[in-house]
Amino acid sequence: MSKRLQSVINARGPIRNIGVVGMGYVGIPAAALFANAPEFEFVRGFQRDSASSGYKIAMLNRGESPLKGEEPGLEDLLGKVVGAGKFRCTSNFSEIAECDAVTLAIQTPFLDPKDLIPDFSALTEGLRNVGRHLTRGTLVVLESTVTPGTTAGMAREILETESGLVAGEDFALAHAPERVMVGRLLRNIREHDRIVGGIDDVSTRRAVELYAPVLTTGKIIPMTATAAEVTKTAENAFRDLQIAAVNQLALHCEAMGVNVYDVRAGIDSLKGEGITRAVLWPGAGVGGHCLTKDSWHLERGAQVLGGDLWYPHGADSIFGVARKINDFMPRHMVHLTTEGLKRAGRPLEGAKIALLGWAFIQNSDDTRNTPAEPYLAAMGDAGAEVKVHDPFVDEYPGVKISHDLDETLTGADAVTIFTGHHHYASLDPVRVKELSGQELPVIVDGRNIVDPDAFIRAGFIYKGIGRGDKNSHPIRR
Ligand code: SAJ
């Protein structure tokens, strides 16, 4: 069938007009880079004119970026391509008909990972909008992270139903997963290798024609659409697995009275030809919107596509176990807090806790799926009183977040560090003890960011993830 598609594409000619659906942290830099490429004539950013995000349309058409946080070069690039008349944002999806290629960069979170059902509603709406105005010879590319099988399955069905056209005959269809990280959006798109997977060879080649012009040091890695979906979900599942492995090791080290960071340095010292260990960092948990969902997309793909899988029946997949270990870490922080207070002769009920760090990652204001949230809930259930501090986060629904560290520490029976913000590395044990007003305050370090001996000498009960060497230290009054 690809022969017919090839002739339809030949009739259409080279890609000149591009549409990007979804003006978020993936779509905006992608659209700006397409518009900046001399190979392409004009780029449209498609954005629903909704109450929550319609404001982006006017901002983008003024050459301003609606994205929070520093994105080096993005605003200049937007100003340049808008000024040159090469980019415009619109909510008029009928203009899809003018596009030779259309990419969709729309979030696909899980409603609840327990049932592995992703929330594809926004993506489905985007696909419908594209399908309704799709014309013969167009290339459609999904950039969102999706469950393996989605491009050649659900996405293909929606596009065909809405357009009356046939994928692989009348239009090309591919998956080219985004690999961008906040703060490095333009650089990541230009420099990372780009996985490009079509539902057939002609679709793959057409997608390569779209992405090659925006890469600088990055190379194109062609494959099938489903293999591209598996690659994206697996590259994050592997990172989650590496973190889970060192979290599991940290728990073992606590049990065996060993400092996991000594062990980590020891393992890491094994170098040489073909030797890899990639030991990452143990901590209070794994947050963010990539690692917390991509393993479940991978699992779901295997279950939906794979049918009766030939691995140990009844056993959890290793990626599922990794998720459970990482999700256990905030609960372990509850255990360490409880144990620390017990050593100080204080019950959890009624204890005053200073929770330092709400963002899911150090020196950032990004709070998506923060591991501090299950800890806060568990502390509340146990009757403890928690004050939250984070220097980067201004607000979070239902949680009061302070920027005043002294105020947060005042009267605290226990201080728990959830995020490795650089501010916490310089906590002065004597000052923190003064502010706590306690004879034997507790400190629980979830990111190995403070010196255990300095706090123990100042008269703290110390507990740390993986610090089997310190967690039962003699008490200094
Ligand atoms: N974390 C650990 N130990 C580690 C590394 C991370 O506990 O050794 C925790 C962090 O505290 C955080 C969570 O895991 O809570 C996720 O951290 P992350 O560094 O993986 O950051 P993310 O979630 O922004 O991951 C993104 C991903 N990028 C894309 O999906 C395009 C991931 O593929 C990248 O590897 C990662 O950024 C990166 O390396 O920066």
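Position numbers for residues count from 1 along each chain, tracking the sequence in the order it is written. Only residues with pLDDT of 70 or above have their local features reported here, since the model is predicted, and side-chain atom pairs are shown and tallied only from 80 upward, although totals for entire chains, interfaces and linings are computed over all residues. Water and hydrogen atoms were dropped before computing side-chain values, which therefore reflect all heavy atoms in the structure.

A. Spatial organisation of the sheet that holds strand β3 (residues 87-90). Strands were regarded as paired on the criterion that DSSP finds at least two bridges between them. Helix numbering and strand numbering both begin at the N terminus, where a helix is a DSSP run of H or I of at least 4 residues and a strand a DSSP run of E of at least 2. Pairing in this open sheet of eight strands is mixed, and the strands run β3-β2-β1-β4-β7-β8-β9-β10 from one edge to the other. Of all the strands in the sheet, just β3 and β10 (220-224) have a single pairing partner and so form its edges. For this sheet, the mean inter-axis angle between neighbouring strands, taken without regard to orientation, is 25°. In terms of strand pairing, strand β4 (residues 101-104) meets strand β7 (residues 139-142) through four bridges, oriented parallel. All axes are obtained by fitting lines to C-alpha atoms, using only the stretch in contact for helices, and the reported angles, taken between N-to-C directions, cover 0 to 180 degrees.

B. Inspection of helix α6 (residues 151-163) at higher detail. Categorising residues by exposure relies on relative accessible area from a 1.4 Å probe, with only protein chains included: less than 20% of the type maximum marks a residue as buried, more than 50% marks it as exposed, and the intermediate range marks it as partly exposed. Every buried residue of α6 is listed here: Thr 151, Gly 153, Ala 155, Ile 158 and Leu 159. Among the structural elements, α5 (121-132), β7, β8 (172-175) and α9 (225-256) are those in contact with the buried residues of α6. Directly beyond the C-terminal end of α6, a positive phi value near 75° is found at Gly 164. We call two residues contacting when some pair of their heavy atoms lies within 4.5 Å.

C. Quick peek at the site of the ligand. Neighbouring residues are identified by heavy atoms, a residue being near a molecule or strand if any of them is within 4 Å of it. In the neighbourhood of the ligand, 19 residues make up the surrounding shell, with Asn 236, Arg 239, Trp 281, Gly 287 and Phe 360 lying closest. Only the protein chains shown count as covering a residue, and every accessible area follows the Shrake-Rupley method with a 1.4 Å probe. Protein chains bury 83% of the 740 Å² of accessible surface belonging to the ligand in isolation. Element by element, the count of residues in the shell around the ligand is highest for α9, at four residues. Gly falls in the polar group here, along with every residue not listed as nonpolar (Ala, Val, Leu, Ile, Met, Phe, Trp, Tyr, Cys, Pro) or charged (Asp, Glu, Lys, Arg). When the residues that make up the shell around the ligand are grouped by side-chain class, the tally is ten nonpolar, three polar and six charged.

D. Structural context of the domain arrangement of the chain. Along its sequence, the chain is organised into domain 1 (3-218) and domain 2 (226-477). Facing 25 residues of domain 1, the contacting portion of domain 2 comprises 20 residues. In this description, buried area is defined as the sum, over both parts, of the accessible area (probe of 1.4 Å) that is lost when the two are combined. Here domain 1 packs against domain 2, burying approximately 1900 Å² in sum over the two surfaces, 63% of which is carbon and sulfur. Criterion for a salt bridge: a side-chain nitrogen of Lys or Arg within 4 Å of a carboxyl oxygen of Asp or Glu. Summed over the shared surface of domain 1 and domain 2, the result is one salt bridge. Across the pair Arg 179 and Glu 235 runs a salt bridge whose closest N-O atoms are separated by 2.6 Å. Counting only elements with at least two residues in the side of domain 1 that touches domain 2, the list comes to β6 (117-118) and β9 (194-198). Residues that form the side of domain 1 that touches domain 2 fall into these classes: 13 nonpolar, nine polar and three charged. Domain extents, as shown, originate in an automatic or database domain assignment.

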